[in-house]
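Overview (structure and organization)
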Amino acid sequence: MKTKVKGLSSVIILLAGVCLHAQQKPFIQTAQQRIVADKITANQRGELTYTSAGFSQRIAPDGYVYARVSKPDQIATGLSQIRSKNYANAVDTFNKIYNEYRFLGWDVEAVFFSAYALEKLGKNKEAIDKLNLISAPPKDPEKFPRYQEVRKLLAEIYIAEGKLNEAQQVLKELSSAKNDSIAAFSNNKQGDILLLQKKRRDALLMYLRTALLFDKSNTRERPEALGKIVKILKEDKNNRYLDFEKMFTADYPGAKLPE
């Protein structure tokens, strides 16, 4: 059973975080201060050169915590390619963004969308390798939400590839996040793993955890869990599925129960 990666509409919703700091002035965060600059460039070793008021200065990789520049114009190009399902070109675009801006605040963004496009091309191994370029939480707090999306996508692809132990390690990390949506995602994916392992009752309990611990304000993971609960109970010829169908209808009027 291949786990489907979230649809394009969900990915586009995730772009909100990109725009929040798109127009910020470039800066470098050191252990002591924030250096605001007119321009910052980086070489492949992570050495930065910044210019401010006509004055230029270099900073070695161990001399700063992180840096960020305004959103590169190429990101709009790459996203347009994804919307057009031109995934091969999108991979190339985001790979170039990563190479040029990996030390300037856009590494996590580039890795996520490059891997997303690779998965769409059926290149799951390459997508896994790409996602594993970002294996530790970023020091720049504004990149953390996208980092979580990187880890979620990695877990999904591991499950699709049958790499269940690897998926569980990622989910263990995510389950400790202080974020209801991430916790619900982790529950659901652990349920998916248990189903693949033919542990239906345990899988059902994981989906029930999502359905009962979170309320109707969760419009992604909880409806998914309810759909899987109904499916399992129907297959088991357990009429309790009707209770969860009613719950879904009451909490998400007009929506279709996920399969």
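A short tour of the structure in this document, coming up. This is a predicted model, so every value here is computed, not measured. (Residues numbered from 1 in each chain as written. Predicted model: local features only at pLDDT ≥ 70, side-chain atom pairs only at ≥ 80, totals over all residues. Heavy atoms only, no water.)

**Concerning the overall build of the protein**
Selection criterion: Counting from the N terminus, the helices are the DSSP runs of H or I reaching at least four residues and the strands are the DSSP runs of E reaching at least two. Here's how the labels work: a residue is buried when its accessible area is under 20% of the maximum for its type, exposed when over 50%, partly exposed in between, all with a 1.4 Å probe on protein chains only. Throughout, a residue-residue contact means that at least one pair of heavy atoms, one from each residue, lies within 4.5 Å. For every accessible area listed, the method is Shrake-Rupley and the probe measures 1.4 Å; residues are considered covered only by the protein chains on display. Under the convention used here, Asp and Glu are negative, Lys and Arg are positive, and both His and the chain ends fall outside the count. To locate a charge, the coordinates of NZ of Lys, CZ of Arg, CG of Asp or CD of Glu are taken.
Looking only at helices and strands, the protein features 12 helices and six strands. Buried residues in the protein amount to 47% of all 259 residues. Residue pairs at least 24 apart in sequence account for 55% of intrachain contacts in the protein once pairs closer than 6 positions are excluded. Per element, the accessible surface of the protein, about 13,700 Å² overall, is 50% carbon and sulfur. Positive and negative charge centroids in the protein, built from 42 and 30 side chains respectively, lie 2 Å apart.

**Some points on the sheet that holds strand β2 (residues 34-36)**
Applied cut-off: Two strands are said to pair when DSSP picks up at least two bridges between them. Convention adopted: a line fitted to C-alpha atoms gives each axis, helices being fitted over their contacting stretch, and angles between N-to-C directions are expressed from 0 to 180 degrees.
A sheet is described by the order of its strands in space; here three strands give the open sequence β2-β1-β6, paired in antiparallel fashion. Unpaired on one side and paired on the other, β2 and β6 (66-68) mark the two borders of the sheet. The sheet shows a mean angle of 15 degrees between the axes of neighbouring strands, direction not considered. Note that strand β1 (residues 27-29) and β2 share three bridges and pair antiparallel. Along β2, the bridge assignment pairs Q29 with R34.

**Description of the pairing of strand β4 (residues 48-52)**
For a regular strand, side-chain orientation follows a simple rule: the groups alternate between the two sheet faces. In this sheet, β4 lies alongside strand β3 (residues 39-42) in antiparallel orientation, the contact comprising four bridges. Bridge assignment links A42 to a residue of β4, and that residue is L48. Turn length for the β3-β4 hairpin, with the two strands adjacent in sequence and antiparallel, is five residues, and the turn residue G46 shows positive phi of about 90 degrees. Bridge count for β4 against strand β5 (residues 55-59) is five bridges, and the pairing is antiparallel. Each residue of the ladder has a partner; that of T51, found in β5, is S56. The hairpin turn running from β4 into β5, its antiparallel successor, is two residues long, and A53 in that turn takes a positive phi close to 55 degrees.

**Quick word on the pattern of salt bridges**
Oppositely charged side chains can form a pair if their charged atoms are brought close together. The line we're drawing: Salt bridge, as used here, is a side-chain nitrogen of Lys or Arg placed within 4 Å of a carboxyl oxygen of Asp or Glu.
Tallying each qualifying case throughout the model produces 20 salt bridges. Linking R222 and D251 is a salt bridge whose minimum nitrogen-to-oxygen distance equals 2.9 Å. Taken together, the residues R222 in helix α11 (residues 221-235) and D251 in helix α12 (residues 241-251) connect sequence positions 29 residues apart. The buried category is assigned to R222, whose relative accessible area is 4%. Connected through salt bridges with shared partners, the residues E156, K189, D192, E224 and K228 form a single ionic network.

Honestly, it's all geometry; don't read function into it.
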